[in-house]
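Results of the structural survey
Spelled out, the chains give:
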Amino acid sequence: MNTREKFLPIRKGLLEFVLLNVVAGEKLYVAEMLKRLAVTDFATQEGTLYPLLSRMRREELVDYEWQESESGPPRKYYKLTATGQRTLQELRDYWQQINSTITELGR
Amino acid sequence: MLKVVTANLNGNAYQIDETGFEALRGYLETARAGLAHNPDCVEILTDLEQAIGDKCDTFLGQHKNVVSEAEMAQILREMGPVESAPDPAAAAAAETSGEAQTTTAAVAPVQPAPIRRLFRLPEKGMLGGVCAGIAAYFNVDVVWIRLLFVLLTLVTGFWLLVWLVALFVMPRAVTPEDVALAHGAPFNAQDVINRAKKKYDEFRGEHEPTVRRAATDLKHGVGNFGTKLRGMGSGMRRSAQSRSIGTHTSRQQPGSVSYGAQVLAGISLPVLSAVSAALLVSFLALFLLLTSANSVIGWIPETWLPMWLALALLVVAYLVVAAPIGIVRRASHRYANGGSQFGWASALDAILWLALVGAFSWAVYQFIPGVSEALAELFGAAARPWFV
């Protein structure tokens, strides 16, 4: 089992945190998010992303608005809500804390 | 000519050929079942339909207005399995009550996978998971496949080679998705049976004649090569024998050899055995490194040299070097035994050879970088050689 495999469940669990980061910068639609994640270790697919985004919207972490596109039908552009901003900050702090714990344990 | 079905994907009509349409319907039905308890089920399905429609658009143009089965399969592969996002509240509850987090977490992930793939399943197999993968593919108990392989190997050793090749050619199932694909996702029982039957028939129709022909060709080729080598060997033995008989007196029985030759052969045998064992172990190590890491201690095969050809060259090189040494060893056995084909010298030498193979394997495993990793990769992390 290599490193990537070992971390598979962890990467899965981190996906929500990763998505909050991705939409924190700018409003994005799903195809753009997928393209951004595709080049990282967090590459994922529509089948995973849509259910996750819908849950995050139910929890009022993200919201979307419809925007016309030059080609094809209007698209859902996702962005962070105020709650989402706050949650992202909390998650980032916690992530930092975990990181430093691991580093310190290794000393 | 194929029948075309028109599908309504989120308000837009798409023409898809019939088999592709069936795959799409299977995907969406599985998704619907998986999202049954999700309050946003309808919205997610609409999003998925829209995304599939967008992907279809990339395949369609002015002079192409039907999505083919292969294109639909690719689209559904890109979409990936629809997983109902686990409810973190439920997961947290499970964690505090000390249960495994995954057990209560909402609905189990649903696989779309109208496609079945041949994977190795090392976790389920005894050695490399080849038989387990084949069993999963054809949906039969793995014991039957193992029995078949063992019986065929007993009849013709050739099948051991088939197993070895399969070990390297079949990709290893890594993610849970791979494992699901190896079994194929049953979205309804009849469909699975039909698909397996169809796939099997196709496979038989397309590949069996060629596979069988290749197998017989290979067997004949190897057989001829072996016969020639044996011929060469006995020729050498005969000439050696005639020389010894010619130079020595009638005191000796026909077929026996002089004491000097016996001692000489006795000294050269261990050396020959060491060379032969080293050759075998280095051949196996090189084969392993080439197939697993795509490189041998820093050397990466040139781009014009495909992997199968590099492996074939390696096998040929090994045979060319090992065969003459084998012949000389056999001849030396005869001398060391005092003229007979079997004797205490042969027995001792066989034991020595086995011990040397063991020792060299251990050394290679310990000291050649990449070998232990390659073995772990091949057989799964749990499998460690007994000598470590």
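Basis of the calculations
- Residues numbered from 1 in each chain as written.
- Chains lettered and ligands numbered in written order.
- Predicted model: local features only at pLDDT ≥ 70, side-chain atom pairs only at ≥ 80, totals over all residues.
- Helix = DSSP H or I, 4+ residues; strand = E, 2+ residues; numbered from the N terminus.
- Buried ≥ 20, exposed ≤ 12 C-beta atoms within 10 Å, placed from the backbone.
- Contact = placed C-beta atoms within 7 Å.
- pLDDT = per-residue confidence, 0-100.
- Pairing = 2+ DSSP bridges.
- Core = buried A, V, L, I, M, F, W, Y, C linked by C-beta atoms within 7 Å.

Attention shifts here to the overall build of chain B. From N to C terminus, chain B includes 14 helices and two strands. For chain B, buried positions account for 23% of its 388 residues. Contacts spanning at least 24 positions in sequence make up 65% of the contacts within chain B whose residues lie at least 6 apart.

A few words now on the confidence of the model for chain B. Residues and elements named next belong to chain B. The predicted model of chain B averages 73 in pLDDT, with 66% of residues at 70 or higher. At the level of individual helices and strands, chain B shows its lowest average pLDDT in helix α5 (residues 101-104), which scores 38, and its highest in helix α3 (residues 69-79), which scores 91. Across residues 93-113, where pLDDT falls below 50, the model places 45 contacts with residues more than four positions away in sequence or in other chains. A low-confidence stretch, residues 228-233 stays under pLDDT 50, and its non-local contacts, those more than four residues away or across chains, total five contacts. This complex was scored by the predictor with a pTM of 0.41 and an ipTM of 0.85.

A separate point is the pairing of strand β1 (residues 4-9) of chain B. Residue and element names in this part refer to chain B. Two elements, β1 and strand β2 (residues 12-17), share six bridges in a ladder whose sense is antiparallel. Residue Thr6 lies in a different strand from β2, and its bridge partner there is Gln15. Between the end of β1 and the start of β2, which pair antiparallel, lie two residues, with Asn10 showing a positive phi angle near 50 degrees.

This part takes up the nonpolar core. Core analysis: the largest hydrophobic core is formed by 35 residues, its most contacted members being Leu24 and Leu48 of chain B. Listed in part, the 14 residues of the second largest apolar core include Cys131, Ala135, Tyr137 and Ala173 of chain B.

Moving on, we get to the environment of Glu83 of chain B. Assignment of secondary structure puts Glu83 of chain B in the loop between α3 and α4 (88-96). When the C-alpha positions of Glu83 of chain B and Ala31 of chain B are compared, they lie 8.0 Å apart, and in sequence the two are 52 residues distant.

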